[in-house]
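# Geometric and topological summary
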Amino acid sequence: GAGVSQTPSNKVTEKGKYVELRCDPISGHTALYWYRQSLGQGPEFLIYFQGTGAADDSGLPNDRFFAVRPEGSVSTLKIQRTERGDSAMYLCASSTQVNTEAFFGQGTRLTVV
Amino acid sequence: SQQGEEDPQALSIQEGENATMNCSYKTSINNLQWYRQNSGRGLVHLILIRSNEREKHSGRLRVTLDTSKKSSSLLITASRAADTASYFCATGGSSGDKLTFGTGTRLAVRP
C-alpha cells in the first residue's frame, strides 16, 4: 500500500474485554513503532520492532499489553482486560530503519466504556 | 515518558507572520525530527536534523539545533491558515534507539 494502514479506525469496547489493533506498515520497512496518545499530549512510546523481534518494549504499561509482528510486516497490538484508562489514540509508524523518518498511520481511537 | 518539551504549549498568530517553536530534550541524540499533526490523527514528518548539523531548511521551514544546550527550534515563515496544527519534536537516541516525542505546540494561524 501507499502508506501505513491501521484498522479499525475507531473501536469502542466494554471494560474487561480483549481488543486487537492492527497495523500494516509500508512494504519493506523493517522498523515498526507503536505509540499511544492521549488528548493534548504527545505520542507516548509503547514498543518498537526491528523485523520480527521486539527491539524495545519498555513503554508497554503493564502485562495486559502485548504486541507481535510474526512475519516482519503486519503487527498486532493486543490489550487484555481493557480498562477505561486505556482509552486513547493508538498510533503505528514504520521506517526503513530505526531512527530515521517515520511514517504514521491515521491511528485507532480506542474507547473503553 | 516524554523526552522533550516544546515551548510554547500554544501559539496564536496572524496569517503572514512567522511562528517559532522551541524544543528542549534531556539525553544525547543521533538526530532530532519535527512532525505535524492535524486534528489528533496521524503525524506527518516535516524535517530531520542530525546531531552534527546546526541548521536545516525545507521550503518555509527552518530548523536549528544546539546540542550544547540540548535544544532545537522550528521556524515557519509567512504562515498560512493551513499551518494550523500541533507540532512535535522527536529525538532519536545515539544507539539506534526509538523516537521519543515531546509534548507539542498547538499553533493556530488566524486568516
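Structure first, text after, so check above.
Basis of the calculations
Residues numbered from 1 in each chain as written. Chains lettered and ligands numbered in written order. Predicted model: local features only at pLDDT ≥ 70, side-chain atom pairs only at ≥ 80, totals over all residues. Heavy atoms only, no water. Helix = DSSP H or I, 4+ residues; strand = E, 2+ residues; numbered from the N terminus. Rg over C-alpha atoms; globule rule 2.2 N^0.38 Å. Buried < 20%, exposed > 50% of the residue type's maximum accessible area, 1.4 Å probe, protein only. Contact = heavy atoms within 4.5 Å. Areas by Shrake-Rupley, 256 points an atom, 1.4 Å probe, with all protein chains shown as cover. Lys, Arg positive; Asp, Glu negative; His and termini not counted. Charge placed at Lys NZ, Arg CZ, Asp CG, Glu CD. Salt bridge = Lys/Arg side-chain N within 4 Å of Asp/Glu carboxyl O. Disulfide = S-S within 2.5 Å. Buried area = accessible area lost by both parts, 1.4 Å probe. Polar contact = N/O pair within 3.5 Å; in protein donor to acceptor, adjacent residues only side chain to side chain. Nonpolar A, V, L, I, M, F, W, Y, C, P; charged D, E, K, R; others polar. Pairing = 2+ DSSP bridges. Axes fitted to C-alpha atoms, helices over the stretch in contact; angles between N-to-C directions. Phe/Tyr/Trp six-rings, centres within 6.5 Å; stacked < 30°, edge-to-face > 60°. Lys NZ or Arg CZ within 6 Å of the ring centre and 35° of its normal.

Next up on the list: the overall build of chain A. The number of helices and strands found in chain A is zero helices and eleven strands. Counting from the amino terminus, chain A carries its helices and strands in the arrangement β-β-β-β-β-β-β-β-β-β-β. Against the 2.2 N^0.38 benchmark of 13 Å for 113 residues, chain A shows a C-alpha radius of gyration of 13 Å, consistent with a compact globule. Counting only C-alpha atoms and orienting by the principal axes, one finds that chain A spans roughly 35 × 25 × 25 Å. Buried positions account for 48% of the 113 residues belonging to chain A. Look at the contacts in chain A between residues 6 or more apart in sequence, and 54% of them connect residues 24 or more apart. Summed over its atoms, the accessible surface of chain A is roughly 5200 Å², and 46% of this surface lies on carbon and sulfur atoms. Charged side chains in chain A number 11 positive and 11 negative. The centres of these two groups are separated by 8 Å.

Attention shifts here to the pattern of salt bridges. Tallied over the full model, the rule gives eight salt bridges over all chains. Sharing partners across several salt bridges, the network here consists of Arg 64, Glu 83 and Asp 86 of chain A.

The subject of this paragraph is the state of the cysteines. Applying the stated criterion to the full structure yields two disulfides over all chains. The residue that forms a disulfide with Cys 23 of chain A is Cys 92 of chain A, at a sulfur-sulfur distance of 1.8 Å. The disulfide joining Cys 23 of chain A to Cys 92 of chain A has a torsion of about -65 degrees about its S-S bond and is therefore left-handed. Here Cys 92 of chain A lies in strand E9 (residues 88-95) and Cys 23 of chain A lies in strand E3 (residues 19-24), a separation of 69 residues in the sequence. Owing to a relative accessible area of 0%, Cys 23 of chain A belongs among the buried residues under this scheme. Cys 92 of chain A gets classed as buried once you look at its relative accessible area, which sits at 0%. A sulfur-sulfur separation of 2.0 Å characterises the disulfide bridge that pairs Cys 23 of chain B with Cys 89 of chain B. Between Cys 23 of chain B and Cys 89 of chain B, the S-S dihedral sits near 65 degrees, and the bridge is therefore right-handed. Highlighted residues: Cys 23 of chain B in strand E3 (residues 19-24) and Cys 89 of chain B in strand E9 (residues 85-93), separated in sequence by 66 residues. The residues Cys 23 of chain B and Cys 89 of chain B share a single accessibility class, namely buried.

With that settled, the discussion passes to the interface of chain A and chain B. Between chain A and chain B, the residue contacts involve 26 residues of the former and 23 residues of the latter. In total, chain A and chain B occlude about 1900 Å² of area from one another, counting both sides; carbon and sulfur atoms represent 46% of this. Of all residues in chain A, the largest losses of buried area upon contact with chain B belong to Pro 43, Asn 99 and Phe 104 of chain A, amounting jointly to 30% of the total for that side. The interface formed by chain A and chain B includes one salt bridge. In this structure, Lys 98 of chain B and Asp 56 of chain A form a salt bridge, with 3.3 Å as the shortest nitrogen-oxygen distance. Inspection of the region where chain A meets chain B yields seven residue pairs in polar contact (both at pLDDT 80 or more). Along the lines of polarity and charge, the residues of the side of chain A that touches chain B split into ten nonpolar, twelve polar and four charged.

Residues and elements named next belong to chain A. Pairing is antiparallel in the open sheet, where four strands are placed in the order E1-E3-E8-E7. Only two strands of the sheet have a single partner each, and these edge strands are strand E1 (5-7) and strand E7 (65-68). Direction aside, the axes of adjacent strands within the sheet are offset by 15 degrees on average. Strand direction decides the pairing type here: E7 and strand E8 (residues 75-79), joined by four bridges, are antiparallel.

Applying the stated criterion across every chain yields a total of nine aromatic pairs over all chains. Residues Tyr 35 of chain A and Phe 104 of chain A carry aromatic rings whose centres are separated by 5.9 Å and whose planes lie at 40 degrees to one another, so their mutual orientation is tilted. Of this pair, Tyr 35 of chain A sits in strand E4 (residues 31-37) while Phe 104 of chain A sits in strand E10 (residues 103-104), and the two are 69 residues apart along the sequence. Each of the two residues, Tyr 35 of chain A as well as Phe 104 of chain A, counts as buried. Chaining the aromatic ring pairs together yields one cluster made of Tyr 33, Tyr 35, Phe 45, Tyr 48 and Phe 104 of chain A together with Tyr 35 and Phe 101 of chain B. Taking NZ or CZ as reference, Lys 98 of chain B lies 5.0 Å from the ring centre of Phe 45 of chain A, over its face.

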